[in-house]
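Tertiary structure, described
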Amino acid sequence: GAGVSQSPRYKVAKRGQDVALRCDPISGHVSLFWYQQALGQGPEFLTYFQNEAQLDKSGLPSDRFFAERPEGSVSTLKIQRTQQEDSAVYLCASSPRTGLSYNEQYFGPGTRLTVT
Amino acid sequence: GDSVTQMEGPVTLSEEAFLTINCTYTATGYPSLFWYVQYPGEGLQLLLKATKADDKGSNKGFEATYRKETTSFHLEKGSVQVSDSAVYFCALNRDDKIIFGKGTRLHILP
């Protein structure tokens with residue numbers, strides 16, 4: 001079956017522009033996660049949805065970052081007034097259930113954002 | 001807070017060599033532990049996992065044992081192949097978030 005897909009795969013933005021990154025999770029997956037991966041680093045948690053509810057946004061680095069999942073399926077991560085430090089790969093993951101620590105998260109290919 | 005520390009790379013080995021990538025963690029309680037792998041040009045994928053102390057996760061010839069006493073989850077493989085060249089991430093699950101180490105790049109020479 002289809003895995004997690006993300007679009008666009010690459011995005012170049014001028015400093016100060018707004019960007020929107022899309023994630024299509026695996027069909028039927030309840031949980032959806034966003035991570036940020038800087039060059040040479042491990043992914044870092046940004047935010048988490050269970051269906052349409054955003055349960056944890058503690059990892060969002062500033063109020064310029066906003067995520068939504070209005071119908072409990074597709075999610076969008078929006079970054080306003082992009083800065084150079086926002087350059088990173090943004091990973092989306094989905095999981096079939098929640099509340100179980102051994103749940104596997106299935107990752108998409110990521111969107112590489114470069115802010116010039 | 002919770003964290004994962006893994007050996008820095010890159011690690012370069014010849015084909016058929018023995019591999020160990022060290023990983024230790026700091027966490028309250030007993031989180032689930034994972035190794036994820038990122039092959040060139042591909043997304044992160046789960047390699048193996050262990051959910052409680054003394055569990056051994058295994059997949060594709062790789063193994064790791066959840067050691068509570070030493071808070072470790074070292075990755076091992078007896079005979080590596082060129083196709084194992086990738087970046088390996090040790091990770092733990094805390095309240096549905098995955099906390100990753102910085103990753104270890106592995107190069108296998110033919």
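Report follows, based on the coordinates. Being a predicted model, the structure only gives us computed values, none of them experimental.

In this section: the pairing of strand β9 (residues 88-95) of chain A. It is a general feature of regular strands that their side chains alternate between the two faces of the sheet. Residue and element names in this part refer to chain A. The buried fraction of β9 is high, at eight of eight residues. Covered by surrounding structure in β9 are Ala 88, Tyr 90, Cys 92 and Ser 94 together with Val 89, Leu 91, Ala 93 and Ser 95, the residues of both alternating faces. Both strand β4 (residues 31-37) and β9 contribute to a ladder of seven bridges, which runs antiparallel. For Gln 36, the partnering residue across the bridge sits in β9 and is Tyr 90. Sheet analysis places β9 next to strand β10 (residues 106-107), joined by two bridges and oriented antiparallel. Directly across from Ser 94, in β10, lies its bridge partner Tyr 106.

A few words on unusual backbone geometry. The peptide bond linking A:Ser7 to A:Pro8 adopts the cis configuration, its omega dihedral lying at -10°. Mapped onto the fold, A:Pro8 is located in the loop between β1 (5-7) and β2 (10-13). At A:Arg81, a position not held by glycine, the phi torsion is positive, near 50°. With respect to the helices and strands, the residue A:Arg81 is situated in the loop between β8 (75-79) and β9. On the basis of relative accessible area, A:Arg81 is assigned to the partly exposed category, the value being 41%. One non-glycine residue, B:Lys60, adopts positive backbone phi at about 55°. Mapped onto the elements, B:Lys60 comes out in the loop between β7 (56-59) and β8 (62-65).

Attention shifts here to the packing of aromatic side chains. Tallying each qualifying case throughout the model produces 13 aromatic pairs over all chains. With a centroid separation of 5.6 Å and an interplanar angle of 40°, the aromatic rings of B:Phe62 and B:Tyr88 are classed as tilted. Taken together, the positions of B:Phe62 in strand β8 and B:Tyr88 in strand β10 (residues 86-94) put the pair 26 residues apart, joining distant regions of the chain. By relative accessible area, which is 1% here, B:Phe62 ends up buried. Joined through ring pairs, the aromatic side chains of A:Phe33, A:Tyr35, A:Phe45, A:Tyr48, A:Phe107, B:Phe34, B:Tyr36, B:Phe89 and B:Phe100 make up one cluster.

The rules behind each value
- Residues numbered from 1 in each chain as written.
- Chains lettered and ligands numbered in written order.
- Predicted model: local features only at pLDDT ≥ 70, side-chain atom pairs only at ≥ 80, totals over all residues.
- Heavy atoms only, no water.
- Buried < 20%, exposed > 50% of the residue type's maximum accessible area, 1.4 Å probe, protein only.
- Helix = DSSP H or I, 4+ residues; strand = E, 2+ residues; numbered from the N terminus.
- Pairing = 2+ DSSP bridges.
- Phe/Tyr/Trp six-rings, centres within 6.5 Å; stacked < 30°, edge-to-face > 60°.

By themselves, these observations are geometric and do not establish any function.
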